[in-house]
Amino acid sequence: MLEKNKFFIKTFILVGLLLGLYIFLPSDAHASVNESSLVFDDDIEATAYYDAGDAPNLDIKTSEYTFMFWVNVTEGPVSGDYDTFYGKWATSTNDMEYKLEYKNWLGNHSIFYCSSDDGSTEHCTYWSQELTEGNWYHVAVTQAPRATDKVSLWINGDSQGARTGHATNYYPASTTNFYIGSQNDEDQYFDGKIDEFK
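Residues numbered from 1 in each chain as written. Predicted model: local features only at pLDDT ≥ 70, side-chain atom pairs only at ≥ 80, totals over all residues. Heavy atoms only, no water.

Attention now goes to the packing of aromatic side chains. Overall, the coordinates contain 18 aromatic pairs when judged by the stated rule. Relative to Phe190, the ring of Phe85 lies with its centre 5.4 Å away and its plane at 55°, an arrangement referred to as tilted. Separated by 105 residues along the polypeptide, Phe85 in strand E5 (residues 82-90) and Phe190 in the loop between strand E12 (179-180) and strand E13 (192-195) bring together distant segments of the chain. In this pair, the class of Phe85 matches that of Phe190, namely buried. An angle of 80° between the planes, with centres 5.6 Å apart, marks the rings of Trp105 and Phe112 as edge-to-face. Note on Trp105: relative accessible area 36%, which makes it partly exposed. (Phe/Tyr/Trp six-rings, centres within 6.5 Å; stacked < 30°, edge-to-face > 60°. Helix = DSSP H or I, 4+ residues; strand = E, 2+ residues; numbered from the N terminus. Buried < 20%, exposed > 50% of the residue type's maximum accessible area, 1.4 Å probe, protein only.)

What follows is the structure, encoded as structure tokens:
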């Protein structure tokens, strides 16, 4: 009887996981799945991003929010370039709201958080942060309420500090989709794996 119960419990968990994966990865996903993480290859544009749509809960207005995920960089950006982790950001159509990116700035890697208050003007702040290729890191970004105007970065549970310098208000008219692994206009592709995005 105990073995039968274990079988039903395991079956229930497996069905739940598969259903969750189905919900998380709709038919318009453009990233492959490997060992349950999203795999992004910036050399193959067809598998270089994930389009999560334009759900209302992804529009950031005035309340505090946190995005968190695990990341494993396969190949970091070359000097002067950057790779997008996530965001609602379409430069080509002046529909920019917010994004988080990994940038090679003058030979040093940094994590940049950018936002816009009018859809076309970019305001960024950054943390100097090397993500060693092939290693997993837990990344969390918290945006405090607008009155305090702070963005905080956490790597593996350690605070990297709070920053200002981003837009004081988010672009309220944004209709661009939320992308993981690139900007909305399919540019600045991330090369690596992202898992447990929340």
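Next comes the rest of the account.
Another aspect to go through is the pairing of strand E2 (residues 37-40). The two faces of E2 match: Ser37 and Val39 on one face and Leu38 and Phe40 on the other face are all buried. Judged from the three bridges that link them, E2 and E13 form a sheet pairing that is antiparallel. By the bridge assignment for E13, Val39 is matched with Lys193. (Pairing = 2+ DSSP bridges.)

This part is about the sheet that holds strand E3 (residues 50-51). Taken in spatial order, the six strands line up as E3-E12-E5-E6-E7-E8 in an open sheet, and their pairing is antiparallel. Edge positions in the open sheet fall to E3 and strand E8 (123-128), since each of these has one partner strand only. Sheet topology note: the strand E7 (residues 108-115)/E8 ladder contains six bridges and is antiparallel. Directly across from Tyr113, in E8, lies its bridge partner Thr125.

Moving on to the nonpolar core. The nonpolar side chains of a soluble globular protein tend to be buried with one another. Membership of the largest hydrophobic core comes to 31 residues, with the highest contact counts inside it found for Phe85 and Tyr86. For this core, the secondary-structure elements that each account for two or more residues are E2, strand E4 (65-73), E5, strand E6 (95-105), E7, strand E9 (136-143) and strand E10 (151-155). Of all the elements, E4 adds the most residues to this core, at five residues. Every residue in contact with Phe85, bar those within four places of it in the chain, is listed here: Phe69, Val71, Leu100, Glu101, Tyr102, Ile111, Leu131, Tyr179, Ile180, Gly181, Phe190 and Ile194. (Core = buried A, V, L, I, M, F, W, Y, C linked by side-chain atoms within 4.5 Å. Contact = heavy atoms within 4.5 Å.)

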